[in-house]
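The chain contents come next:
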Amino acid sequence: MMAGGNAAGADGNPGQPAAEPVGRAPAVRPFLVTAGRVAGTSTGVPLPVETQVVSTTAGLAALDRLSFEHRDIVAACRRPQSVAEIAARLRLHLNVVRVLAEDLQAGGHLSVYVPSAGTARDVSVLRRVIDGLRTIPDSRGALRDSD
Amino acid sequence: MTATEGARGRAPAAGRGAPPLPVKMVVAGGFGVGKTTAVGAISEIRPLTTEAAITEVAAGVDDLSHTPGKTTTTVAMDFGCITIDPSLKLYLFGTPGQERFGFMWDDLVQGALGGLVIVDTRRLDDCYAAVDYFEHRQIPFAVAVNAFDGRVEHELDDVRWALDVAEHVPVITFDARERGSVRDALLVVLELALARAEN
Ligand SMILES: Nc1nc2c(ncn2[C@@H]2O[C@H](COP(=O)(O)OP(=O)(O)OP(=O)(O)O)[C@@H](O)[C@H]2O)c(=O)[nH]1
Ligand SMILES: [Mg+2]
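Residues numbered from 1 in each chain as written. Chains lettered and ligands numbered in written order. Predicted model: local features only at pLDDT ≥ 70, side-chain atom pairs only at ≥ 80, totals over all residues. Heavy atoms only, no water.

Identification of chain B as ATP-binding protein from Actinacidiphila guanduensis is taken from an unreviewed UniProt entry. Looking at the Sequence similarities (unreviewed entry) heading of the UniProt record, one finds this comment for chain B: "Belongs to the GPN-loop GTPase family." (UniProt positions renumbered as here; feature names shortened; annotations may be inferred.)

For chain A, the name recorded in an unreviewed UniProt entry is Multi-component regulatory system-4, with Actinacidiphila guanduensis as its organism.

Encoded structure:
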């Protein structure tokens, strides 16, 4: 496990604070945030990227007591979000979000809805997606920045 | 769609009301073929970018202490979505098409309804890896030739021949900038997926 003081040296800049590149997730930080764990070690399978995550009432009530990334995630999930979406919005690595989401679920701060494995071959789901897509017009209105 | 968005906007916070069932499709292809453009053309949110990988060797390794010499690769992955209805949401993931990203595809493609491999006919070999991948995993997919400036340099039959894709794999042209064109390309893939699921 890496101590906080070693972090700066990990990117080859001993003694220098690691610069966080603008616009992309920093490479070293994930290991600190998740205390060196990898996604999926608890269950063996990483959460699918489309897994839906929603804050619980308890999680929102505890916001002030949560630290950093935990708080950001709970705050970002007032409405359901996918794991990938959270990673993109908070500029965290996907695997970091996976680990933290499992932590927060264990603590009762988040509900995590893992999609069932057979969905891709579910005829009724496929029909609904097809019918839904067909209603999309050729041209579009303005894009939203979020849901 | 506006009605749906409005209803969702008033949805109660804090976990009440189940989230939609998420389904996903993968948009793959070489550099600069129009993946981000295609996702953005049909997504209802501005496409987001996620950094998808930590290190190439670290996948599945417990000790992630940053040993010197380990290559850290971050791969940008596009991300968009389409609300089908309040209980069903389609996610689109745009992913680079190089062989060495295969480790990431396993993760991404798991459970996907299907894939669209975008091809620029000026650089056909850029898409071999993605085509191979979908073929081997038996994921329904189509090859979509992006008609840059409305032109396709090769006939579709030539593309099919050059890529050596199986007969059941649709090879189509589309325009990554046109919403309706991206929609129709995705529908081609979904019809394949449906036909397979019905068997
Ligand atoms: N003329 C024309 N330009 C296009 C079309 N599709 C994409 N482009 C342009 O081609 C460039 C690359 O498109 P992107 O959508 O960024 O391609 P990409 O596959 O996401 O590229 P990378 O993420 O860099 O691998 C952009 O400048 C687009 O505006 C098209 O159909 N016609
Ligand atoms: Mg792109």
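That shown, we press on.
Peer 1: How do you make sense of the side chain of A:Gln81 when you look at a structure like this?
Peer 2: All names here are of chain A. Counting through the fold element by element, Gln81 comes out in strand S2 (residues 81-82). Among the polar contacts listed, one links the side chain of Gln81 to the side chain of Arg89, at a separation of 3.2 Å. Those residues within four positions of Gln81 in sequence are excluded, and the remaining contacts are Thr51, Gln52, Val53, Ala76, Ile86 and Arg89. (Helix = DSSP H or I, 4+ residues; strand = E, 2+ residues; numbered from the N terminus. Polar contact = N/O pair within 3.5 Å; in protein donor to acceptor, adjacent residues only side chain to side chain. Contact = heavy atoms within 4.5 Å.)

Peer 1: I would appreciate a short explanation of the pairing of strand S5 (residues 114-119) of chain B in the present structure.
Peer 2: All names here are of chain B. The buried fraction of S5 amounts to 6 of the 6 residues, a majority that puts the element mostly inside the structure. Pairing geometry for S5 and strand S6 (residues 141-146), over 5 bridges, is parallel. Within S6, the residue paired with Leu116 across the bridge is Ala142. Crossover connection from S5 via helix H4 (residues 128-137) to parallel S6: handedness right-handed. (Buried < 20%, exposed > 50% of the residue type's maximum accessible area, 1.4 Å probe, protein only. Pairing = 2+ DSSP bridges. Right-handed = clockwise from strand over helix to strand, strands pointing away.)

Peer 1: Could you clarify how one ought to interpret the packing of helix H4 (residues 83-90) of chain A against helix H5 (residues 94-106) of chain A in this entry?
Peer 2: The description of two packed helices rests on the angle between their axes and on the distance between the axes. All names here are of chain A. Where H4 contacts H5, the two axes come as close as 9 Å, and the packing angle between them is 115 degrees. Two packed elements cross with a definite hand, and for H4 against H5 that hand is right-handed. Where H4 approaches H5, its residues Val83, Ala84, Ile86 and Ala87 are matched on the opposing element by Leu94, Val97 and Arg98. A breakdown of the residues in the contact of H4 with H5 according to their chemical character gives 6 nonpolar, no polar and 1 charged. (Axes fitted to C-alpha atoms, helices over the stretch in contact; angles between N-to-C directions. Left-handed = near helix turned anticlockwise from the far one by under 90°. Nonpolar A, V, L, I, M, F, W, Y, C, P; charged D, E, K, R; others polar.)

Peer 1: Hey, could you run me through the sheet that holds strand S3 (residues 110-113) of chain A in this one?
Peer 2: One key point about sheets: their strands pair by backbone hydrogen bonds, in either a parallel or an antiparallel sense. Residue and element names in this part refer to chain A. One open sheet holds the 3 strands; their spatial order is S2-S1-S3, and the pairing between them is antiparallel. The outermost strands of the open sheet, each flanked by one partner alone, are S2 and S3. Pairing analysis gives 4 bridges linking strand S1 (residues 52-55) to S3, with the strands arranged antiparallel. The residue bridging Val54 from the neighbouring strand is Ser111, located in S3.

Peer 1: Please explain the environment of B:Lys35 as it appears in this structure.
Peer 2: Residues and elements named next belong to chain B. The topology assignment puts Lys35 in helix H2 (residues 35-42). Lys35 gets classed as buried once you look at its relative accessible area, which sits at 10%. For Lys35, the contacting residues outside a window of four places in its chain are Val27, Ala28, Gly29, Gly30, Asp78, Thr95, Pro96 and Ile118. Within the structure, the side chain of Lys35 is placed 2.6 Å from the backbone oxygen of Gly30, a separation counted as a polar contact.

Peer 1: In this structure, what is going on with the pattern of salt bridges? I would like to understand it.
Peer 2: Working definition: two side chains of opposite charge can pair if their charged atoms are close together. Residues and elements named next belong to chain B. Under the counting rule described, the total for this entry stands at 12 salt bridges over all chains. A salt bridge links Arg123 to Asp126, with the shortest nitrogen-to-oxygen separation between them at 3.3 Å. Overall, the relative accessible area of 25% leaves Asp126 in the partly exposed class. Each of the salt bridges in this network shares a partner with another, and the network as a whole consists of Asp120, Arg122, Arg123 and Asp126. (Salt bridge = Lys/Arg side-chain N within 4 Å of Asp/Glu carboxyl O.)

Peer 1: Any chance you could explain H5(A) here in plain terms?
Peer 2: Three or four residues apart is the spacing at which side chains of an α-helix point the same way, because the helix has 3.6 residues per turn. Residues and elements named next belong to chain A. In this model, H5 (13 residues) spans 19 Å end to end at C-alpha, consistent with the 18 Å of a helix rising 1.5 Å per residue. Burial of H5 is extensive: 10 of the 13 residues sit out of reach of the surface. Among all positions in H5, only Leu94, Asn95, Val96, Val97, Arg98, Val99, Leu100, Ala101, Glu102 and Leu104 are buried. Downstream of H5 by a residue or two, Gly108 has a phi angle that is positive, lying close to 80 degrees. (Expected span 1.5 Å × (residues − 1).)

Peer 1: Just to check I follow, could you spell out the nonpolar core for this structure?
Peer 2: If you look at soluble globular proteins, the nonpolar side chains tend to sit buried side by side. Ranked by internal contacts, the top residues of the largest apolar core, which has 37 residues, are A:Val129, A:Leu133, B:Leu90, B:Leu113 and B:Leu190. The contacts of B:Leu190, once residues within four sequence positions are left out, are A:Leu126, A:Val129, A:Ile130, A:Leu133, B:Met25 and B:Leu113. A:Val74, A:Val83, B:Leu48 and B:Phe93 belong to the second-largest nonpolar core, a separate cluster that totals 31 residues. (Core = buried A, V, L, I, M, F, W, Y, C linked by side-chain atoms within 4.5 Å.)

Peer 1: I would appreciate a short explanation of the packing of aromatic side chains in the present structure.
Peer 2: Pairs of aromatic rings are described using the distance from one ring centre to the other and the angle between the two planes. All names here are of chain B. Across all of its chains, the model carries 5 aromatic pairs over all chains by this definition. Measuring from centroid to centroid gives 5.5 Å for Phe79 and Phe93, while their planes differ by 55 degrees, and the two rings are tilted. Here Phe79, found in strand S3 (residues 76-85), pairs with Phe93, found in strand S4 (residues 88-96); they are 14 residues apart in sequence, far enough to count as distant. Each member of the pair Phe79 and Phe93 is classed as buried. Aromatic rings pair up to connect Phe79, Tyr91 and Phe93 into one cluster. (Phe/Tyr/Trp six-rings, centres within 6.5 Å; stacked < 30°, edge-to-face > 60°.)

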